Amino acid sequence: MARDSQAALVALNRFGFGARGGASGDLINAASDPRGFVKAELRRPNGVLLEAPGLQSTPQLGQAVFAYQDQVKQAREAAAKAGAPTEAPADQKPGLRRNLSLNAVATEIAGQIAEAKPADNKPADNMAKPGAMQPNAATPPAAKPAPQPLNIIQKTFRAEALARLQRATLVECGFTERLVVFWSNHFCISASKGELARIWAGAFEREAIRPNVLGRFADMLKSVEQHPAMLFFLDNQQSLGPDSRAGQNRKRGLNENLAREIMELHTLGVGGGYTQQDVTSLARIITGWTFAGRQGQLGVPGSFVFNTNAHQPGPQMLLGKTYEPTGLAQGEAALADIARHPSTANFIASKFVRHFVADDPPPALVARLRDVFVKTDGDLKAMSTALVDSDDAWKAPLTKMRSPYDFVIASGRLLARVPEDPGSYLNNLNLLGQPLWSPAGPNGFADTSAAWAAPEGIKLRLDIAAQMGARLGNNIDPIDLLEFAAADAASIETRRTIERAESRQQALALLLMSPEMQRR
């Protein structure tokens with residue numbers, strides 16, 4: 001069978017995370033049957049699940065946070081009684097605010113997750129001898145404080161991040177991992193919301209996103225909106241039906257955050273045919289959707305529960321249909337109908353094509369995926385298969401800019417570097433403005449080239465590429481790497497640029513910044 005290197009490059013870059021270096025043979029394998037190479041992962045539904053030693057369930061993690069918070073409180077109270085000064089631990093300091101810029105979010109998160117370097121205890125060369133006269137000697141610098149051990153929240157976040165990074169680096173093509181990234185960003189939470197969001201970020205993706213990536217959209221929607229991480233992120237645990245028992249007792253009412261984002265960002269989209277009254281109705285319908293707190297009065301702490309006392313009684317009109325007062329089932333029925341709404345099909349198909357193919361989605365391809373979505377009752381595997389089977393998805397030029405996450409994963413794959421510690425990856429993502437699981441708002445990270453192709457962002461990528469080149473260039477032949485990455489699909493300009501580099505280190509940096517590595 002003839003091999004098509006250009007189609008192989010599309011298979012690996014558009015649908016995956018690029019070719020792996022070493023002896024993987026990814027480009028050769030993809031060149032023999034590009035579409036079959038991509039679709040092979042769709043035939044392994046369990047392959048998208050992520051299990052690793054030490055990764056715990058959402059209720060277990062919730063209980064760990066509650067216990068940690070209790071320990072911090074007890075320690076502060078004991079210190080106060082003893083008259084000792086106290087300082088809030090890292091995760092008790094002022095949290096990130098949702099309206100911060102990406103750069104500000106990245107800077108603050110970097111401070112939370114960075115591990116301090118050990119103090120240098122070697123004596124200075126010019127240290128004075130005992131008893132020597134030093135009339136104008138400067139005051140010696142204070143010793144650096146010992147690094148603080150990571151708390152349970154930081155340890156969990158890093159463990160979850162490492163598991164995700166390793167999976168993306170090791171998979172053959174990466175199509176299902178790209179699907180996970182797409183849906184996780186579509187139904188995003190932000191770890192910057194607080195301690196629960198931070199410790200739950202990875203579990204949310206493992207429990208609500210991954211099991212449904214190749215399933216039905218309605219099932220994913222239900223899993224996402226009932227997950228404690230989403231309920232916490234959008235404050236639904238604070239929403240009380242005005243006429244509910246809890247609402248009457250506490251003199252509090254609705255919080256419409258979750259209802260609004262379900263309709264605007266998760267399903268129908270802006271202009272999808274809903275009104276403010278529909279938002280309010282949906283907010284009433286999902287009152288009582290919460291998670292059990294530290295006392296466990298409603299259920300296992302950290303688990304999803306339906307609180308009847310907080311639920312707004314009575315029927316509700318939503319999008320022209322009346323939903324009878326059936327408790328939890330009322331909300332689940334409403335979500336099921338919204339998942340099947342024509343506006344949802346169009347919104348999801350458009351966003352899906354924009355992510356994988358072009359910033360301006362080809363209308364014919366959007367229409368095809370929309371029809372598949374409708375005819376299969378939101379079968380996401382069928383929609384993903386239809387995308388790969390479409391000629392439009394293969395003919396469009398590779399012009400989309402890789403996101404920072406795509407870039408760091410693609411670089412690690414090509415260099416055959418399986419991460420053993422997430423620190424450098426997390427720091428680079430913070431630097432590039434895409435901190436892991438921490439978008440600045442509920443609309444997630446931008447998914448267009450313009451968002452990531454700004455001059456400052458390109459300069460930062462070049463800095464990272466140069467650092468990789470300086471660290472690894474001596475032991476790697478960039479010309480060989482180019483063969484792994486693109487073979488004869490590489491442009492003449494890229495090949496000449498690498499060949500003319502002044503050193504291997506510079507050549508490696510230029511390869512990582514080439515269109516073959518930056519575009520998908």
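The coordinates are above.
Computed from a predicted structure; not experimentally measured.

Undergrad: Teacher, can you tell me more about the pattern of salt bridges here?
TA: Pairing between side chains of opposite charge can happen when the charged atoms of each approach one another. Within the structure shown, the criterion is met by 24 salt bridges. Between Asp391 and Arg35 there is a salt bridge whose closest N-O contact spans 2.7 Å. One end of the pair, Asp391, is in the loop between helix H17 (380-389) and helix H18 (392-395); the other, Arg35, is in helix H3 (residues 34-39), and 356 residues separate them in sequence. Take Asp391: its relative accessible area is 40%, and that puts it in the partly exposed class. A relative accessible area of 28% places Arg35 in the partly exposed class. Of the charged contacts, one joins Arg370 and Asp371 as a salt bridge, the two residues approaching to 4.0 Å between their closest N and O atoms. Each of the salt bridges in this network shares a partner with another, and the network as a whole consists of Arg164, Arg167, Glu177, Glu205 and Arg210.

Undergrad: What is the right way to look at the packing of helix H4 (residues 58-82) against helix H8 (residues 195-209) in this model?
TA: Packed helices, taken two at a time, are described by the angle their axes make and the gap between the axes. Two numbers describe how H4 lies on H8: the axes approach to 9 Å, and their chain directions differ by 170°. Comparing their axes, H8 and H4 come out roughly antiparallel. Contacts between H4 and H8 involve Thr58, Leu61, Gly62, Val65, Phe66, Tyr68 and Gln69 from the first element and Glu195, Leu196, Ile199, Trp200, Ala203 and Glu207 from the second. Its residues assigned to classes, the contact of H4 with H8 shows 8 nonpolar, 3 polar and 2 charged.

Undergrad: What am I meant to see in the packing of helix H15 (residues 342-356) against helix H16 (residues 363-375) here?
TA: Axis separation between H15 and H16 bottoms out at 8 Å; the angle between their running directions is 130°. Judged by the angle between their axes, H15 and H16 are oblique. Note on packing geometry: the crossing formed by H15 with H16 is right-handed. Residue-level inspection shows Thr344, Ala345, Asn346, Ile348, Ala349, Ser350, Phe352 and Val353 of H15 in contact with H16, the latter providing Leu365, Val366, Leu369, Arg370, Phe373 and Val374. Grouping the amino acids of the contact of H15 with H16 by side-chain chemistry returns 10 nonpolar, 3 polar and 1 charged.

Undergrad: Honestly, empty space enclosed by the protein in this entry has me stumped. Any pointers?
TA: Any empty space left between the atoms is revealed when a probe the size of a water molecule rolls over them. All told, the structure shown has 2 cavities of 30 Å³ or more when counted by the stated rule. Of the pockets and cavities examined, the largest cavity occupies roughly 330 Å³. In this structure, the largest cavity is lined by 24 residues; those nearest its centre are Arg164, Val181, Asn185, Gln434 and Phe445. Put simply, the parts of the chain that give the lining of the largest cavity at least two residues each are helix H7 (175-186), H15 and helix H19 (404-414). When the residues that make up the lining of the largest cavity are grouped by side-chain class, the tally is 13 nonpolar, 6 polar and 5 charged. When its volume is computed, the second largest cavity comes out at roughly 50 Å³.

Undergrad: When you look at unusual backbone geometry in this model, what are you seeing that I'm missing?
TA: Residues other than glycine predominantly adopt negative phi, and peptide bonds predominantly adopt the trans conformation. Positive phi outside glycine occurs at Asp235, with the angle close to 65°. Mapped onto the elements, Asp235 comes out in the loop between helix H10 (228-233) and helix H11 (245-250). Classification of Asp235 as buried rests on a relative accessible area of 11%. Positioned with a positive phi, Trp437 is a non-glycine residue whose angle comes to about 55°. By the secondary structure assignment, Trp437 is in the loop between helix H20 (423-432) and helix H21 (449-452). Owing to a relative accessible area of 9%, Trp437 belongs among the buried residues under this scheme.

Each value, and the rule that gives it
- Residues numbered from 1 in each chain as written.
- Predicted model: local features only at pLDDT ≥ 70, side-chain atom pairs only at ≥ 80, totals over all residues.
- Heavy atoms only, no water.
- Salt bridge = Lys/Arg side-chain N within 4 Å of Asp/Glu carboxyl O.
- Helix = DSSP H or I, 4+ residues; strand = E, 2+ residues; numbered from the N terminus.
- Buried < 20%, exposed > 50% of the residue type's maximum accessible area, 1.4 Å probe, protein only.
- Axes fitted to C-alpha atoms, helices over the stretch in contact; angles between N-to-C directions.
- Parallel < 35°, antiparallel > 145°, perpendicular 65-115°, else oblique.
- Contact = heavy atoms within 4.5 Å.
- Nonpolar A, V, L, I, M, F, W, Y, C, P; charged D, E, K, R; others polar.
- Left-handed = near helix turned anticlockwise from the far one by under 90°.
- 1 Å grid on protein atoms, 1.4 Å probe; cavity = no way out; pocket = protein on both sides within 12 Å on 5 of 7 lines; lining within 4 Å.
- Points joined across faces, edges and corners; volume = space filled by probe spheres on them.

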